[in-house]
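Coordinate inspection notes
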Amino acid sequence: VAFWLLGKFLNKSISVMQEQFQEREPLLSTGTENFGSPNPEMKFEVSGRRRWLPRRDMVAFWLLGMTNNFPYVVMLSAAADILAKHDPGLGTGIVLLADILPDLLLKSTFPFFMNKMSFALRVALVVLLNLASYLIVALSNATWLSLVGVACASLSSGLGEITYLALTAHYSTDTISAWSSGTGGAGLLGSLTYLLLTLFLSPSNALLMMVVGPGLMAASYTMLSPSPAKGKFADIFVFEDRHHHHVQKVKSDLSFRKKLRELPGLAKYMLPLFFVYLAEYAINQGIYENVYWTDEFIDKDTQYRVFQTLYQAGVFISRSSISFFPIRRVWVPALLQCINVVLFALDCRFKIAPSIFVWFVAIVYEGLLGGATYVNAFHEISVTSSDETREFCMAVSAVAASLGIAAAGGTAIGVHQALKDVGGRTR
C-alpha cells in the first residue's frame, strides 16, 4: 500500500511539474542573470517573479542530498545493532560491504547507459528503494534479510548520487555545493537522529520512524525549477544566447568511446577520492568498534554511535565550506587521511590517547578531511569539464569513492579481527 501510494504521489507530482514547465515556455523575461553557471555563456532567464528560483533550486538540492544519503548513514550507524539482533559475532565490516558493493556495481556500469532512462523514472526508483531499506531492516527476522535491506539503501544512495550529480550540470554550479552540504547534513542528521531515537526506542522502531524521508525526497525533486533535462537525461540544455536573445536547445550525446577517453583526465580527482574513502572507512568500520572506555559517562554501544555522529559532523562542516575555503589540490586532504589510518591503528593497539575527548577531536578532524576531498573534487570536475561531457564526468567520478569504500570493507574486516582482543581502556 505504501509503495502504491508513493507511486501515485510521484506520478501526480511529476505531471504537475511538466504542465508548469509547458505553461512557462517560452520564457519571456525582461532581463537575465548568471547564477554561477558552469559556462559564462549560459544564462538562466529570470523575471522579477522568478528571481527566487535559483534559491529554490539550492534548497531542493540540499534536501535531495540529505534524503539520498540518509539511509546509507543510518545503516552504518545501526551496523552494530543490526548484527546484535541476529548474529553479534560478525564484525560491522560485513554491513559496510552490503552497504557499498551494490552501490559500486551500479556506479561502475550505469553512467554508460543511464541516458536511456528519464530523470523522473530514476528518481522514482531511488525513492522506492529508499523506503524499502527502512522497512526491510526494521522488520527482518534474519541476518541475511537485514543485509538485503542494507543493500537496498546502497542501491538507493548510489543511483541517487549519480542521478543528482548529473542533474547539477543543468543548473548553477552552486547546486554542487548545496548537494554536497546536504549529503554532509545527512551524515550528521542521520547518525544523530539514530543516536537520539535509540535512547528511547528499540533500533527497529527507530528505523520505522524514518520512513518519512522518501516522501521528502519526492517532494524536493518537484521543487526544482523547470528544466527539459528533468524530462529526459542528457537531452536538452536550455540557455540564453546573448547575441540572439532566444532560448536554444543543445543536445549532448556522447559515444561510448568518447566517454572512455574522458576517464584518464579524471584520474587526478578520482584517485584522491578513492584513497580518502579507503582510509576513513577502514577507520570507521575497522577501528571504532575496538576502541572504548570502561569508566566513561556513556557505555560502549553509545560511544560507537557518538564516534559516528562526530565523524559526520566533521563531514558536514567541510562539505559546506567550499564557498569560503576551496581546496584545488584535493590530494592533500587525501594524503592526510591515509596518515590518519596509521595513527588511529597505533592508538587502538597501544592505547596512547589519555581521554575519550582526544578521540572526539581526532574523529571530527577525520570527517573534515573526507568531506573536503569530496566537495572540492566534484567542484573542480564541474568547473574544468566541458558542457558536453559534464554530466558524464560528474556521474562516473562517483565510482571512485565507492571503490574506496568497497576496498575498505574488506580491509575493515581484517583490521577488526586483528584489533578485537585489545580490550577497553580506562582514564
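Residues numbered from 1 in each chain as written. Predicted model: local features only at pLDDT ≥ 70, side-chain atom pairs only at ≥ 80, totals over all residues. Heavy atoms only, no water.

1. With respect to the overall build of the protein
On a plain count of helices and strands, the protein comes out with 14 helices and four strands. A buried classification covers 57% of the 427 residues belonging to the protein. Relative to all contacts within the protein whose residues are 6 or more apart in sequence, the contacts with residues 24 or more apart total 82%. (Helix = DSSP H or I, 4+ residues; strand = E, 2+ residues; numbered from the N terminus. Buried < 20%, exposed > 50% of the residue type's maximum accessible area, 1.4 Å probe, protein only. Contact = heavy atoms within 4.5 Å.)

2. Quick notes on the packing of aromatic side chains
Centre-to-centre distance and the angle between the planes together describe a pair of aromatic rings. Summed over all chains, the structure comprises nine aromatic pairs. Here Phe-274 and Phe-275 contribute two aromatic rings whose centre-to-centre distance is 5.0 Å and whose plane-to-plane angle is 85°, an arrangement assigned as edge-to-face. Note on Phe-274: relative accessible area 22%, which makes it partly exposed. Looking at Phe-275, the relative accessible area reads 38%, which means it is partly exposed. With a centroid separation of 6.2 Å and an interplanar angle of 75°, the aromatic rings of Phe-307 and Phe-360 are classed as edge-to-face. In this pair, Phe-307 sits in helix H11 (residues 300-319) while Phe-360 sits in helix H13 (residues 356-384), placing the two residues 53 residues apart along the sequence. Considered together, Phe-307 and Phe-360 belong to a single accessibility category, that of buried residues. (Phe/Tyr/Trp six-rings, centres within 6.5 Å; stacked < 30°, edge-to-face > 60°.)

3. Here we look at the nonpolar core
Ranked by size, the top nonpolar core spans 99 residues in total, and within it Tyr-281, Tyr-288, Phe-307, Trp-359 and Phe-378 carry the most contacts. Here this core takes 13 residues from helix H14 (residues 390-419), the largest share from any one element. (Core = buried A, V, L, I, M, F, W, Y, C linked by side-chain atoms within 4.5 Å.)

4. What about the side chain of Ser-397?
The residue Ser-397 is located in helix H14 in this model. For Ser-397, a relative accessible area of 0% gives the class buried. A distance of 2.7 Å separates a polar side-chain atom of Ser-397 from the backbone oxygen of Cys-393. If we skip the residues at most four places from it in the chain, Ser-397 touches Leu-266, Met-270, Leu-273, Phe-378 and Ile-381. (Polar contact = N/O pair within 3.5 Å; in protein donor to acceptor, adjacent residues only side chain to side chain.)

5. Re the packing of helix H5 (residues 119-139) against helix H6 (residues 143-167)
Contact geometry of H5 with H6 gives a least axis separation of 8 Å together with a crossing angle of 155°. When the axes of H5 and H6 are compared, the pair comes out roughly antiparallel. H5 and H6 meet at a crossing whose hand is left-handed. Here the residues of the contact of H5 with H6 sort into 17 nonpolar, seven polar and one charged. (Axes fitted to C-alpha atoms, helices over the stretch in contact; angles between N-to-C directions. Parallel < 35°, antiparallel > 145°, perpendicular 65-115°, else oblique. Left-handed = near helix turned anticlockwise from the far one by under 90°. Nonpolar A, V, L, I, M, F, W, Y, C, P; charged D, E, K, R; others polar.)

6. Some points on the pattern of salt bridges
Counting across every chain of the model gives four salt bridges. Here Asp-103 makes a salt bridge to Lys-107, at a shortest N to O gap of 3.5 Å. With Asp-103 and Lys-107 both in helix H4 (residues 93-109), this residue pair falls four residues apart, about one helical turn. The exposure classification of Asp-103 matches that of Lys-107, with both residues buried. Notably, a salt bridge pairs Glu-380 with Arg-328, separated by 3.9 Å at the nearest N-O pair. (Salt bridge = Lys/Arg side-chain N within 4 Å of Asp/Glu carboxyl O.)

From the geometry alone we can't say anything about function, so treat these as descriptive.
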